[in-house]
Amino acid sequence: MSLKVSLTSDQVLKGLQIVITNIQVRKVSAQYNNEADVKEYPNMLRATVIKDTSNVNEGQALAIKLKNTGNYKVGQVVDFDKTQLKNGKANLWANQRGYVQVSLKGDSLDAR
């Protein structure tokens, strides 16, 4: 059994600045039964939080599933006070081992 909590992406990302560490095309995996999810969100942007106005999350890693990565590049800084995750969804989930993860999905990263 897993616990899922639904939040808006703005609740999770507001006040954060990230640096993009990796951009990749996602692959379907039978192990994770993710075919529909990969079809809808074929790209993955991985990043590290470099600034958090609440001083809580610096250094934390994020993975954002996207329909379109636009012109973003590895090493680029994204400020979520100036950028939004368009049609963003955020979920927290915990597996049976007690690890809590945040899942972020959206169409693209766009200027506010």
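The model shown is predicted, which means the values in this text are computed figures rather than measured ones.

*Asks:* How do you make sense of the pattern of salt bridges when you look at a structure like this?
*Replies:* Opposite charge on two side chains makes pairing possible when the charged atoms of those side chains draw close. Throughout the structure, instances matching the rule amount to seven salt bridges. Between Arg 112 and Asp 10 there is a salt bridge whose closest N-O contact spans 2.9 Å. Here Asp 10 lies in helix α1 (residues 9-13) and Arg 112 lies in the segment after β9 (109-111), a separation of 102 residues in the sequence. With a shortest N-O distance of 3.9 Å, Glu 40 and Lys 67 are connected by a salt bridge. Note that Glu 40 is positioned in helix α2 (residues 35-40) and Lys 67 in the loop between β4 (61-66) and β5 (77-79), a separation of 27 residues in sequence. Judged by its relative accessible area of 37%, Lys 67 is partly exposed. Taken together, the shared-partner salt bridges in this structure form one network comprising Arg 26, Asp 37, Lys 65 and Lys 105.

Calculation criteria
Residues numbered from 1 in each chain as written. Predicted model: local features only at pLDDT ≥ 70, side-chain atom pairs only at ≥ 80, totals over all residues. Heavy atoms only, no water. Salt bridge = Lys/Arg side-chain N within 4 Å of Asp/Glu carboxyl O. Helix = DSSP H or I, 4+ residues; strand = E, 2+ residues; numbered from the N terminus. Buried < 20%, exposed > 50% of the residue type's maximum accessible area, 1.4 Å probe, protein only.

This is a description of form; function is not addressed.
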